[in-house]
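The primary structure of each chain is shown beneath.
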Amino acid sequence: MSNWTKACNADAVDCEDVIPVAIDGHDYAVYRSPDDDYFATDGHCTHEAFPLADGLVMDNIIECPKHNGRFDYTTGEGQGAPICENLRTYPVKVEGGSVYIDLG
Amino acid sequence: MAATDSVERIVLVGAGECGARVARVLREQGFAGEITMIGDEPHAPYERPPLSKAALIDDEISPVEVLPATRLAELGVELIAGTAVESLDRDRRLAVLSDRDEVTYDRLLLATGARARTLPIAGGELALTLRTIDDARALRSRLGPGRSVVVIGAGLIGLEVAASASQLGCDVAVLEAAPRALGRALPAEMADVLVKRHADEGVEVLCGVVPTDITRLGGRFAVGVGGFDQPITADVVIAGVGATPNVELARASGLSCENGIAVDDRLRTDDPAIFAAGDCCSFPHPLYEGRRIRLESWRNAHDQAVVAAANMLGGNEQHSAVPWFWSDQYDIGLQHAGLADETASSVVRDSGDGSQIRFALAPDGRLVAASGVGPGISTAKDIRVAEMLIAAGNRPDAETLADPSVSLKRLLKS
């Protein structure tokens, strides 16, 4: 069952960047890729739970600001040590200048 | 990659961050042979950085395991814990363990780390040191509200322990023999930010103060200090005066040592079958005119692990990663990338929200170092970009660096 929830305005995220979004006490990270597509993942690194939105986005990769663990934010796939666990991703759509996340 | 068929058995001497990371990377690179990791601590690999920071504040210190038993099993890594390597027979390529067992190798990695230096003064052994989880537990059991603590050494470990002890309600004083705190690690202005924060928390950092001896005073301790009429008394004395690389095995095996086990920029020792990585080794850094350095940091252990793993499997990768470390004290986060010397000039970026970054530019305009302090990990993203600029030999425009309204990332693409 889908549960589309507004996360932020589309222009709140710079191109090739990420912002933190909290919905009902859960932290998410919302990304805008260099190609202007939007993605969403859980807000915290699966390694030691640091907030990913403080990390650097390069192309399709988000890098944790603390230990440089890397994920492909379009798929959630961890890119090797120190990451052991992939990152949960969420479907995203943009409508009327707003970004919506399907919280499922 | 070169052929790996002749490498079937790899022995990792040391089960810290570096050894554990090498084990993982070897498997990620497809190595299917035997991996034996030998560590002298009776624990599976765990993270040391939290021991002076968040973990020390917990009532009970539990390890953050790098490779728990289940992961070791999944990776097919044999861990021999609580066992030291006594000697190497390089001709026969075998390691002799403290329990007399012998393990043969095709490639061997020395990731023996470093150990806390003890104070070279009378009674210096009475000061606690912090390196292992057992050290942290021993220290933690002596800390608590109202306890008086003297920390000797205002380096990163000393100041982190001082912050943690203060957060546990201890009365803390820090003694530093040098004229200022963090002299080895950071520019003076950045050190001042941290020292001021300590002062705000009631932690005095006394510089130019040289301890002369430590004596027992009932259940307490007296620290004699040059130029002071009275010794300073405390319930707990902790020394954070640096670390000594564990080179004994390498030296006894006839390998060159020079402020650490001497390796080349491929992390090879004199013996083509033996590599060294992490806190125990010194290496020439290509970004800094090939200057031989040794780094004691979590990140370096990981970066060198990746290179050592590849080269043990026949690769020819150069270790050129920019030195990087972090510290957490109270709610302040510090991150530092690069190495600067006294010829560098500095540029400050002040974000106005309590965080600032100080960039160091070489006389030829190259960015060589950057340090950031601020709440939490507020400067992490910019320090990461700075690290990439340093790696690229970038000569950034000083005005852009100083202007917090301009994204540093833009410099990467210019």
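Procedures and definitions
- Residues numbered from 1 in each chain as written.
- Chains lettered and ligands numbered in written order.
- Predicted model: local features only at pLDDT ≥ 70, side-chain atom pairs only at ≥ 80, totals over all residues.
- Heavy atoms only, no water.
- Disulfide = S-S within 2.5 Å.
- Buried < 20%, exposed > 50% of the residue type's maximum accessible area, 1.4 Å probe, protein only.
- Core = buried A, V, L, I, M, F, W, Y, C linked by side-chain atoms within 4.5 Å.
- Contact = heavy atoms within 4.5 Å.
- Salt bridge = Lys/Arg side-chain N within 4 Å of Asp/Glu carboxyl O.
- Helix = DSSP H or I, 4+ residues; strand = E, 2+ residues; numbered from the N terminus.
- Domains from an automatic or database assignment.
- Buried area = accessible area lost by both parts, 1.4 Å probe.
- Polar contact = N/O pair within 3.5 Å; in protein donor to acceptor, adjacent residues only side chain to side chain.
- Nonpolar A, V, L, I, M, F, W, Y, C, P; charged D, E, K, R; others polar.

(A) Broad picture of the state of the cysteines. Residues and elements named next belong to chain A. Under the defined criterion, the tally for this structure stands at 0 disulfides over all chains. Note on C45: no disulfide assigned, nearest cysteine sulfur contributed by C64 at a separation of 4.0 Å. According to the relative accessible area criterion, C45 is buried, its value standing at 4%.

(B) Inspection of the nonpolar core at higher detail. Residue and element names in this part refer to chain B. The biggest cluster of nonpolar side chains holds 56 residues, and the ones touching the most others in it are L12, L108, L109 and L110. When near neighbours in sequence (up to four residues on either side) are disregarded, L108 contacts V11, V13, L88, A95, A273, I274, F275 and M312. Grouped together as the second largest cluster of nonpolar side chains are 37 residues, I61, V151, L168 and F325 included.

(C) Highlighting the pattern of salt bridges. If you walk through the whole model with that rule in mind, you get 33 salt bridges over all chains. B:R220 serves as the salt-bridge partner of B:D235, at 3.0 Å between the closest nitrogen and oxygen. With a gap of 15 residues between them, B:D235 in the loop between β14 (232-234) and β15 (236-239) and B:R220 in strand β13 (residues 220-225) connect regions that are remote in the sequence. The closest approach of N and O atoms between B:R299 and B:E387, which form a salt bridge, is 2.4 Å. Taken together, the positions of B:R299 in helix α8 (residues 298-312) and B:E387 in helix α9 (residues 380-391) put the pair 88 residues apart, joining distant regions of the chain. For the residue pair B:R299 and B:E387, the accessibility class agrees, reading buried in each case. By sharing partners, the salt bridges in this structure join A:E63, A:R70, B:R299, B:D303, B:R384 and B:E387 into a single network.

(D) Molecular detail of the side chain of B:N394. Residues and elements named next belong to chain B. Its place among the elements puts N394 in the loop between α9 and α10 (398-402). Assessed through its relative accessible area of 17%, N394 is described here as buried. Residues contacting N394, with those up to four places away along its chain left out, are G365, R366, L367, L389 and L411.

(E) Structural view of the domain arrangement of chain B. Residue and element names in this part refer to chain B. When cut into domains, chain B gives domain 1 (9-115 + 244-312), domain 2 (118-241) and domain 3 (331-412). Inter-centroid distance (C-alpha atoms) of domain 2 to domain 3 is 30 Å. The interface is formed by 9 residues belonging to domain 2 together with 9 residues belonging to domain 3. Considering only the side of domain 2, the residues that lose the most area to domain 3 are M190, V193 and R197, jointly responsible for 52% of the buried surface there. Our count for the contact surface shared by domain 2 and domain 3 stands at 2 salt bridges. Between E189 and R358 there is a salt bridge; the shortest N-O distance is 3.7 Å. In this structure, the connection of domain 2 to domain 3 is made through 1 residue pair in polar contact (both at pLDDT 80 or more). Here the side of domain 2 that touches domain 3 gets 5 residues from one element, more than from any other, and that element is helix α6 (residues 188-200). Considering only residue class, the side of domain 2 that touches domain 3 consists of 7 nonpolar, no polar and 2 charged.

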